[in-house]
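# What the coordinates show
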Amino acid sequence: MSTMKWIFGAALVTVSAGAFAGETAGTYMTFIRSVTESQLPDGNRARVMHYYHAGTSDKADSPFAGRTSECVGRMVVSSAGKVVAGTGFCFAQDAAGNGGSWTWKVTEAGTQKCPHVCGTFKWAESFGNTKAVTASGAWRQTHASAAGGVGTYTLTYTP
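A cluster of nonpolar residues, Met29, Phe31, Tyr52 and Val150, forms a patch on the protein surface that exposes about 340 Å² of accessible area. Along the chain, the position of methionine 29 falls in strand 1 (residues 22-39). A residue is classified by how much of its surface remains accessible, and methionine 29, at 39% relative accessible area, is partly exposed.

As structure tokens, then:
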């Protein structure tokens, strides 16, 4: 009988954890603070950017709702100006000091499916009221300029 209780308890915990998972969507904006560029041996350029990230969320319990981020990223850009690769790290915090960090990665750029730049991101660690958060999603840049960019994202998360 104790084996049956354990199986039922494990199933209940699994169902309960899944019941709290959410999905959200939003928009984001980036504001570039500084950019440095260096030539790579293959003719591409490495671009290191320090920037701010702000966004919206359609769910109040999203780890990104009400938080801005300070970020650093590295993009590899071809001599023709096409993004070849990119990764970065951001530190998010709200006005009360809750937040965490997240990473991003370019997965596609300059294609029919993704005319600008697209990628994935993942919540890495948390503090304050986001301590137990897990989250990952996808982003799509829809506009870029020398001052920053604008785009959309989708996110699956457990608050």
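Additional details are given in the paragraphs that follow.
Turning our eyes to something else, we now look at the sheet that holds strand 2 (residues 45-55). Within the closed barrel, the eight strands sit side by side as 1-2-3-4-5-6-7-8. Their pairing is antiparallel. Averaged over all pairs of adjacent strands, the angle between strand axes in this sheet comes to 25°, irrespective of strand direction. Judged from the ten bridges that link them, strand 5 (residues 99-109) and strand 6 (residues 117-127) form a sheet pairing that is antiparallel. Bridging from a neighbouring strand, tryptophan 102 pairs with tryptophan 123 of strand 6.

Looking now at the nonpolar core. Counting residues in each nonpolar core, the largest one holds 23 residues, and the members touching the most others are Met75, Trp102, Trp104, Phe121 and Trp139. Those elements giving two or more residues to this core turn out to be strand 2, strand 3 (68-77), strand 4 (83-93), strand 5, strand 6, strand 7 (134-145) and strand 8 (148-158). Ranked by residues supplied to this core, first place goes to strand 5 with four residues. Those residues in contact with tryptophan 139 that lie beyond four places of it in its chain are Tyr28, Trp104, Lys105, Val106, Val117, Cys118, Gly119, Thr120, Phe121, Thr152 and Tyr153.

Analysis parameters
Residues numbered from 1 in each chain as written. Predicted model: local features only at pLDDT ≥ 70, side-chain atom pairs only at ≥ 80, totals over all residues. Heavy atoms only, no water. Patch = residues over 30% accessible without salt bridge, like charges linked within 9 Å, V, L, I, M, F, W, Y side chains within 5 Å. Areas by Shrake-Rupley, 256 points an atom, 1.4 Å probe, with all protein chains shown as cover. Salt bridge = Lys/Arg side-chain N within 4 Å of Asp/Glu carboxyl O. Helix = DSSP H or I, 4+ residues; strand = E, 2+ residues; numbered from the N terminus. Buried < 20%, exposed > 50% of the residue type's maximum accessible area, 1.4 Å probe, protein only. Pairing = 2+ DSSP bridges. Axes fitted to C-alpha atoms, helices over the stretch in contact; angles between N-to-C directions. Core = buried A, V, L, I, M, F, W, Y, C linked by side-chain atoms within 4.5 Å. Contact = heavy atoms within 4.5 Å.

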